[in-house]
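# Structure assessment
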Amino acid sequence: MDVGKIIEGLPRRTPAQRKQMRLNAIEQSESADPKKAAEAQQFLSALGEMEASEHAELIAEVAGMEPSARVIKAFKAEPMTDTEQKLIQVLLDNPHSTSGELTEKIGWKGMSWHLHFGTMCANRGVYLGQPPKAMTPNGKFYTGILADFDDATSRFTMKPDVVAAFAQLGLKGKH
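To start, this report covers the structure provided alongside it. If you're wondering where the values come from, they're calculated on a predicted model, not measured in any experiment. (Residues numbered from 1 in each chain as written. Predicted model: local features only at pLDDT ≥ 70, side-chain atom pairs only at ≥ 80, totals over all residues. Heavy atoms only, no water.)

This paragraph deals with the nonpolar core. The nonpolar side chains of a soluble globular protein tend to be buried, and buried together. Ranked by size, the top nonpolar core spans 29 residues in total, and within it Ile88, Trp113, Phe117, Leu146, Met158 and Phe166 carry the most contacts. Element by element, the count of residues in this core is highest for helix α5 (residues 82–93), at 5 residues. With near-sequence residues (within four places) excluded, tryptophan 113 lies in contact with Leu87, Val90, Leu91, Ser99, Leu102, Thr103, Ile106, Thr143 and Phe156. (Core = buried A, V, L, I, M, F, W, Y, C linked by side-chain atoms within 4.5 Å. Buried < 20%, exposed > 50% of the residue type's maximum accessible area, 1.4 Å probe, protein only. Helix = DSSP H or I, 4+ residues; strand = E, 2+ residues; numbered from the N terminus. Contact = heavy atoms within 4.5 Å.)

See the structure below:
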């Protein structure tokens, strides 16, 4: 393996390809062959540096953008999955609902809507920005990036500028 050529080709790789390459390198880094392990570590280091640089450039690019433009950029750069579309649509269709109500409307059990919605926001955090502070173990309320939460009633509503952004992306509430 010519690790130098592989590293040179990284900028042309998709995020999915990079993810698989990272997994392969992690596996190789545990190889009994010292040369394979060293090359894997060299690759992982180069990948980390490249992604950190891209991350810093992206943060600078989106820093001055309006929230709705950031939402559009985030979901164009990382298109929503079918599940994420359901998470968004159920809140657009049912503003002022609790997590339990939204979870039930999707057809799931428990109160997992806000956990999945928050994960969706966290996964796009580089585009969407920092979450509000919260009384959670990590101190961050990722769902609060896109949705407002009423502490008194435990109900969620999509932020107005986010509603407008999702409308531009083709998702509109039924109301």
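Before going further, it helps to spend a moment on the pattern of salt bridges. Enumeration according to the criterion identifies 6 salt bridges in this entry. Across the pair lysine 35 and glutamate 39 runs a salt bridge, and its minimum N-O distance is 3.9 Å. Of the two residues, lysine 35 and glutamate 39 are both situated in helix α3 (residues 34–62); the distance of 4 residues between them amounts to about one turn of the helix. Here glutamate 84 and arginine 124 are joined by a salt bridge, their closest N and O atoms 2.8 Å apart. One end of the pair, glutamate 84, is in helix α5; the other, arginine 124, is in the loop between α7 (113–123) and α8 (125–128), with 40 residues separating them in the sequence. Arginine 124 shares its class with glutamate 84; the two are buried. (Salt bridge = Lys/Arg side-chain N within 4 Å of Asp/Glu carboxyl O.)

Counting across every chain of the model gives 6 aromatic pairs. An aromatic cluster is built from Trp113, Phe117, Phe141, Phe149 and Phe156, whose rings are joined through pairwise contacts. (Phe/Tyr/Trp six-rings, centres within 6.5 Å; stacked < 30°, edge-to-face > 60°.)

A few words on the environment of alanine 134. Inspection of the secondary structure puts alanine 134 in the loop between α8 and β1 (147–150). The class for alanine 134 is partly exposed, based on a relative accessible area of 23%. Once the C-alpha coordinates of alanine 134 and isoleucine 145 are considered, the two residues, 11 residues apart in sequence, prove to be 12 Å apart. The contacts of alanine 134, once residues within four sequence positions are left out, are Gly139, Lys140 and Phe141.

Turning next to the packing of α5 against helix α6 (residues 99–106). One way to put it is that α5 packs onto α6 with a least axis distance of 10 Å and a crossing angle of 120°. By the angle between their axes, α5 is oblique relative to α6. Relative to α6, the crossing made by α5 is right-handed. Facing α5, whose interface residues are Lys86, Leu87, Val90 and Leu91, α6 presents Leu102, Lys105 and Ile106. Residues belonging to the contact of α5 with α6 are distributed by class as follows: 5 nonpolar, no polar and 2 charged. (Axes fitted to C-alpha atoms, helices over the stretch in contact; angles between N-to-C directions. Parallel < 35°, antiparallel > 145°, perpendicular 65-115°, else oblique. Left-handed = near helix turned anticlockwise from the far one by under 90°. Nonpolar A, V, L, I, M, F, W, Y, C, P; charged D, E, K, R; others polar.)

Read these as layout, nothing more, since geometry by itself doesn't imply function.
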